[in-house]
Amino acid sequence: MKSLTTKLKLLRPVLTSLCSYSSTDQTLLLNEFTRFCYQRDLPKALRVMDTLQSHGLWADSATYSELIKCCMSHRAVHEGNLVRRHLYFNGHQPMLFLANVLINMYVKFNLLTDAHNVFDEMPLRNVVSWTTMISAYSKSKQQQKALELLDALSVFDEMVTGDAIVWNSIIGGFAQNSKSDEALKLFKRMKRGGFTAEQATLTSVLRACTGLTLLELGMQAHVHIVKYDQDLILNNALVDMYCKCGSLDDARRVFNGMKERDVITWSTMISGLAQNGYSQEALKLFESMKASGTKPNYITIVGVLFACSHAGLLEDGWYYFRSMKKLYGIDPVREHYGCMIDLLGKAGKLDDAVKLLNEMECEPDAVTWRTLLGACRVQGNMVLAEYAAKKVIELDPDDAGTYTVLSNIYANSQKWDSVEEIRTQMRDRGVKKEPGCSWIEVNKKIHAFIIGDESHPLIVEVKEKLKQLIDRMIGIGYVPETNFVLQDLEGEQMEDSLRHHSEKLALAFGLMTLPLGKVIRIRKNLRICGDCHVFFKLASKLEKRSVVIRDPIRYHHFEDGKCSCGDYW
DNA sequence: TTAGGGTTAG
């Protein structure tokens, strides 16, 4: 509800213009202008606007607002500029309200510099002016400017720092652009400022926790959102958070407690189960979904096919793939083909995988070829791997890991010229390897371990702990893998750093700091390598600990010497 | 009849 003062403020310009209606002509002009604005007849409205200006007349703000909306709906930038010039005519300042409308117009045109100019020229701004700018920047490539403006706003209005909408927009913008840590910092600032987060803000916060695999923090957020118990979107985000953090019991609990479920709920849970290695349960859930009357969409089918590929369910995979069009009217797209190529390839049917790849209705992309490369790794097919790796590099020349894989393949066949060629290519293209990095949450804080980086305060102790662990494992038969050829899909591996792959350091740290019985959860930026996979299986048995590793594609649950992925990843 | 934000699955 608008306060009386606000209403009066809004009415003032209308009253002013009414008082100036001295002649019938002018009244007619204004009426005409208003009519054209409402009719969204931009050229006519602009013509009348010019005439108005020559009479020294301004229409009321509601009319101008409509006119600007009209420019926006026509995406008429030029006309928008005309209106702006009209409003500033003869040194006039548009009233606050109209300046805000102008800012919004430029934001919608994605002309942030113009928007910021209007903002800068305003003698007075309100929270709407700030929000419009901050929100625009938080979604743009200039996110830093959103933070700068927020700081400026705090100085300008320390007690209030805007309102919940400002916070919501900036947190949402950062969460949406994978700036999870910044989003969470802002959320803390928001709470310190005494603001209460609404559903959408909390959903963004959950998204940020999901992005960082912050289970503890996500659970804390869960406690705070019980009042939105039956909010569908929030619950969907919760299910996803628990799945992505590898905590399937919690995910199931939320899922089962939901009174309303939509296609996203079902798809999230199906994919979540599949990614975590519970393929049969995922397929069963798909049946329940159909029984519930919810229609699957193409994402649901991606999850279903992923479940099949994960468990090597060749027959089921083919069945779902072949019948998706007929049963659900869904045309297979790249992701579906990708799942099938993965399934066929890892089941040892590389020829069929290649055949399907060639039959694709859409062009295979880098991801498709990388999928085939992954299958070659499992099958140890160097010839096809070389071909697939070349294709990946062709389509994604910045993919550092694949260069390494290709280089390893050449080195293994002693094609040293080719090895040198790859190195030159990488140098020429400025491709740098992303260093392997693993994160682990202890006491709601993230600890990062980066390969070759010694900056963690406990790094000496962690390395010592790891050394002891390796020695004990060698005692029970662990042989460090030294054949890198196809072991390491992302090319993280280097001989001397093998002992200190980031996830091994994170594991050692987890063993040191987390109480017995607590699951050790690690998130990685690169895919786990063959040696680490063996290492983690053995470590889970030796240390009697459950370990979950989330890599960019899927999850590995290590328990009692086994991994949920069944060694196909 | 006039202004700002944000939300989930791949």
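Further up the page is the structure itself.
Within each chain, residues carry numbers counting from 1 in the order of the written sequence. Chains carry letters from A onward and ligands carry numbers from 1 onward, assigned in written order. Local features in a predicted model are, by the rule used here, given only for residues with pLDDT of at least 70; side-chain atom pairs are given and counted only at 80 or more, and totals for whole chains, interfaces and linings are based on all residues. Based on all heavy atoms of the structure, the side-chain values leave hydrogens and waters out of the count.

Novice: Please explain the state of the cysteines as it appears in this structure.
Specialist: By definition, a disulfide links the sulfur atoms of two cysteine residues through a covalent bond. Here, a disulfide means two cysteine sulfur atoms that sit within 2.5 Å of each other. Evaluated as defined, the whole model comprises zero disulfides. C245 forms no disulfide, and the closest cysteine sulfur to it belongs to C209, at a distance of 7.6 Å. Here's how the labels work: a residue is buried when its accessible area is under 20% of the maximum for its type, exposed when over 50%, partly exposed in between, all with a 1.4 Å probe on protein chains only. Residue class for C245 comes out buried when judged on its relative accessible area of 1%. The closest cysteine sulfur to the non-disulfide-bonded C529 is located on C532, 3.8 Å from its own sulfur. A relative accessible area of 1% places C529 in the buried class.

Novice: What is the right way to read the protein's contact with DNA strand B from this model?
Specialist: For each residue, the test is whether any non-hydrogen atom lies within 4 Å of the molecule or strand; if one does, the residue is near. With respect to spatial proximity, 40 residues lie near DNA strand B, and among them Y38, F97, R207, N236 and Y298 are the closest. Sugar plus phosphate, as a fraction of atoms of DNA strand B within 4 Å of the protein: 41%. Polar contact is the term for a pair of N or O atoms within 3.5 Å; when the atoms are in protein, one must be able to donate a hydrogen and the other to accept it, and sequence-neighboring residues count only if both atoms are side-chain atoms. Measuring from a base oxygen of DNA strand B, one finds a side-chain N or O atom of S61 at 3.2 Å. For DNA strand B, a phosphate oxygen lies 3.2 Å from a polar atom in the side chain of Q176. Here a helix means four or more residues in a row that DSSP labels H or I, a strand means two or more in a row labelled E, and each is numbered from the N terminus. For the surface near DNA strand B, the elements supplying multiple residues, two or more each, are α4 (61–73), α6 (96–108), α8 (127–139), α10 (164–176), α12 (199–212), α14 (232–244), α16 (263–275) and α18 (298–311). When residues in the surface near DNA strand B are grouped by element, the largest group, six residues, is from α8. Each residue gets one label: Ala, Val, Leu, Ile, Met, Phe, Trp, Tyr, Cys and Pro are nonpolar, Asp, Glu, Lys and Arg are charged, and the others, such as Gly, are polar. Here the residues of the surface near DNA strand B sort into 15 nonpolar, 17 polar and eight charged.

Novice: Is there a simple way to think about helix α19 (residues 314–328) in this case?
Specialist: For a helix, the expected span equals 1.5 Å multiplied by the residue count minus one. Under the 1.5 Å per step criterion, the end-to-end length of α19 is 20 Å for 15 residues, consistent within 8% with the ideal 21 Å. Two axes are fitted around each residue, one to the seven residues ending there and one to the seven starting there, and the angle between them is reported as the bend at that residue. The largest bend in α19 is about 40°, located at R322. Restricting attention to buried positions, one finds in α19 the residues L314, G317, W318, Y320, F321, S323, M324 and Y328. We call two residues in contact when some of their heavy atoms are within 4.5 Å. Close packing links the buried residues of α19 with α17 (279–292), α18, α20 (334–346) and α21 (350–359). Directly beyond the C-terminal end of α19, a positive phi value near 70° is found at G329.

Novice: Hey, could you run me through the sheet that holds strand β6 (residues 562–563) in this one?
Specialist: By definition, the strands of a sheet pair up through backbone hydrogen bonds, in either a parallel or an antiparallel sense. The six strands are arranged β2-β1-β3-β4-β5-β6 in an open sheet whose pairing can be described as mixed. Where the open sheet ends on each side, the last strands, each with one partner, are β2 (445–450) and β6. Direction of pairing for strand β1 (residues 437–442) relative to β2: antiparallel, over a ladder of six bridges. Counted as the bridge partner of C437 is I450 from β2. Between any two strands, pairing holds if DSSP finds at least two bridges.

Novice: Whenever I open this one, α17 confuses me. Can you help?
Specialist: Since the α-helix turns once every 3.6 residues, residues separated by three or four places project in the same direction. The end-to-end C-alpha separation of α17 is 20 Å, in line with the 20 Å expected for 14 residues at 1.5 Å each. For α17, the complete set of buried residues consists of S279, A282, L283, L285, F286 and M289. Buried residues in α17, looked at end-on, bunch into an arc of 155°, giving them a common side. In α17, those exposed residues whose orientation departs by more than 90 degrees from the buried face are Q280, K284 and A291. Looking at the packing, one finds that the buried side of α17 touches α15 (248–257), α16, α18 and α19. Backbone geometry just downstream of α17 places G293 in the positive-phi region, at approximately 95°. The arc refers to the directions leading from the helix axis to the C-beta atoms.

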